[in-house]
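Geometric and topological summary
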Amino acid sequence: ILKMTKIILIVSFLILPIYSSAQELKESDLEKLLLLQGKVETYYSKGFETKAKYFQELVQDAVIFYENKLQDTFDIKLFVLSKSDWKIFVGGPYLLPEFAKNPDRIMMGINELFIIELPEGETLYGMNEVFFWDFISIHELGHYISKQNKVKSIRWTSEFFADYLMIGFMLEKIPNFQQSSSTSTLFKFLPFKYKSIEDFQRNYSRIDPLNYSMYQAKFQELAFSIFKKRGWDFMFEYIERFKNVSPPPNKNNLVELTFSEFQEMEPEIFNKWLVGMRKTYHSSLILCILIILVCTIRLIDNSNYIFIHAGLSTKKKYKIFGVPILLIFSKLKNFENLKTGTKLKLIIALRPVMYLCVILIILLLILHH
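Here we summarise the structure given alongside this text. The structure presented is a predicted model; accordingly, all values stated were derived computationally and were not measured.

Focus: the overall build of the chain
- Tallying secondary structure elements over the chain gives 17 helices and seven strands in all.
- Residues classed as buried in the chain amount to 50% of the 369 residues present.
- A sequence separation of at least 24 residues applies to 71% of the contacts in the chain between residues at least 6 apart.
- If you sum the accessible surface of the chain, you get close to 19,100 Å²; carbon and sulfur atoms cover 57% of it.

Structure (structure tokens):
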């Protein structure tokens with residue numbers, strides 16, 4: 001079962017650009033890396049040999065698997081990089097793997113996110129525990145397979161198909177793997193700036209990594225549902241439909257045209273999934289409500305005035321932020337007036353609500369920046 005307990009780690013990358021093209025590959029730079037020979041040549045940073053061997057075995061297995069499925073021969077390299085080498089060869093966020101061309105290569109960092117529990121006593125490529133993030137290397141291989149088969153894609157279909165190939169391979173290797181539903185719930189209720197497929201298509205380069213990761217989770221959800229029903233038949237149908245397709249005269253209708261294709265291939269699953277790719281509420285309205293709640297609670301909170309009126313010492317900052325809850329608790333017995341005591345108890349009850357609203361406002365502004 002896929003665990004989502006480390007999702008908070010992604011938040012630290014919110015201010016980074018979502019994508020950057022890999023740096024031009026120079027022979028002189030390759031001298032800084034070590035090399036594992038094999039079907040998939042693997043270049044890796046010093047100190048990363050164990051992880052490089054694991055990634056090489058994983059990617060080579062996937063390459064052989066898809067070569068047999070597609071009756072093709074692949075030529076792709078793999079890079080397993082430290083943060084410092086990532087800056088040289090890729091230059092973008094270390095969190096995000098990448099597929100690059102000339103030569104075709106998969107660029108991977110070491111990000112052990114979202115552990116997958118293997119059946120007791122089982123290992124995968126010699127590892128007792130594996131991470132969902134490891135399999136993004138297969139997602140990147142999926143982009144290479146699209147290129148190899150001359151599949152014509154727009155941004156969302158390209159990402160979906162790469163996810164389909166990743167999910168399919170995962171289910172071959174880990175048959176008990178289940179796609180988590182928690183990310184779909186988060187996507188529905190969190191106020192992301194971009195939530196529709198049209199948003200993804202129009203604003204691809206501006207989507208922050210957390211929002212982008214949630215889009216990927218939704219594409220994986222669709223891939224998982226279709227694969228469980230259709231298996232590899234869908235892969236062949238997809239390639240056939242989108243191979244060497246001539247561009248339509250009106251490129252503004254590209255998203256709608258892909259919808260039509262999916263509605264022909266898998267209407268029930270796709271239409272149900274598409275409903276969840278819409279904004280469920282207006283974030284600005286929620287922001288206004290939260291601000292009104294904070295302001296209302298702050299107007300009610302006259303704890304500083306009550307303390308001054310009772311002859312108790314206060315600080316200047318209490319005039320802005322109110323008297324701390326613990327201090328109010330400790331001084332409650334000093335207020336014999338029932339009405340004043342009740343008012344202070346109300347302030348104590350409302351203060352956490354105000355703090356929660358402030359946190360939600362900050363979260364809203366981050367997610368919707």
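What follows continues from the structure just given.
Overview of the packing of helix α3 (residues 49-70) against helix α6 (residues 155-173)
- Relative to each other, α3 and α6 sit at 100°, their axes nearing to 11 Å. Between α3 and α6, the angle falls in the class roughly perpendicular. Of the residues in α6, those in contact with L58, D61, A62, F65 and Y66 of α3 are L165, M166, F169, E172 and K173.
- In terms of residue class, the contact of α3 with α6 is made up of seven nonpolar, no polar and three charged.

Examining the environment of F79
- With respect to the helices and strands, the residue F79 is situated in strand β3 (residues 77-80).
- In this structure F79 comes out as buried when scored by relative accessible area, which is 0%.
- The spacing of F79 and L34 is 45 residues in sequence and 9.9 Å in space, taken between C-alpha atoms.

Description of α3
- For α3, built from 22 residues, the straight-helix expectation of 32 Å at 1.5 Å per residue is met to within 8% by its first-to-last C-alpha distance of 31 Å.
- After α3 finishes, the residue Q71 shows a positive phi value of roughly 50°.

Regarding the pairing of strand β5 (residues 105-108)
- The alternating pattern of β5 places R105 and M107 on one face and I106 and M108 on the opposite face, and all of these are buried.
- As judged from the four bridges shared by β3 and β5, these two strands associate in the parallel manner. Counterpart to V80 in the pairing with β5 is M108.
- The sheet contact formed by strand β4 (residues 98-100) and β5 spans three bridges and is antiparallel. Within the sheet, the bridge partner assigned to F99 lies in β5 and is I106.

Comments concerning the pattern of salt bridges
- Under the definition given, this model contains 15 salt bridges.
- A salt bridge links E41 to K77, with the shortest nitrogen-to-oxygen separation between them at 3.0 Å. Here E41 is found in the loop between β1 (34-36) and β2 (42-44), whereas its partner K77 is found in strand β3, with 36 residues between them in sequence.
- For E266, the salt bridge identified is with R230, shortest N-O distance 3.2 Å. With E266 in the loop between α11 (254-265) and α12 (267-275) and R230 in helix α9 (residues 209-230), this pair connects stretches of sequence that are 36 residues apart.
- If you follow the salt bridges from partner to partner, you end up with K229, R230, E237, R241, E261, E264 and E266 in one network.

What counts and how
The written sequence of each chain sets the order in which its residues are numbered from 1. Side-chain atom pairs in this predicted model are given and counted only at pLDDT of 80 or more, local residue features only at pLDDT of at least 70, and totals for whole chains, interfaces and linings cover all residues. Hydrogens and water are ignored here; the side-chain numbers use all heavy atoms of the structure. To qualify as a helix, a DSSP run of H or I must reach at least 4 residues; to qualify as a strand, a run of E must reach at least 2; elements of each kind are numbered from the N terminus. Using a 1.4 Å probe on the protein chains alone, a residue whose accessible area is under 20% of its type maximum counts as buried, one over 50% counts as exposed, and one in between counts as partly exposed. Residue contacts are defined here by distance: any two heavy atoms, one from each residue, within 4.5 Å place the two residues in contact. Here the Shrake-Rupley method, with its probe set to 1.4 Å, supplies the accessible areas, and only the displayed protein chains count as covering residues. For every element, the axis is a line fit to its C-alpha atoms; helices are fit only across the contacting stretch, and the angle between N-to-C directions ranges from 0 to 180 degrees. Working rule for angles: under 35 degrees goes down as roughly parallel, over 145 as roughly antiparallel, 65 to 115 as roughly perpendicular, anything else as oblique. Under the grouping applied here, Gly and all other residues not named as nonpolar or charged are polar, the nonpolar ones being Ala, Val, Leu, Ile, Met, Phe, Trp, Tyr, Cys and Pro and the charged ones Asp, Glu, Lys and Arg. Helix span, expected: 1.5 Å multiplied by one less than the number of residues in the helix. Each pair of strands is called paired provided DSSP finds at least two bridges between the two strands. One speaks of a salt bridge when a side-chain nitrogen belonging to Lys or Arg is within 4 Å of a carboxyl oxygen belonging to Asp or Glu.

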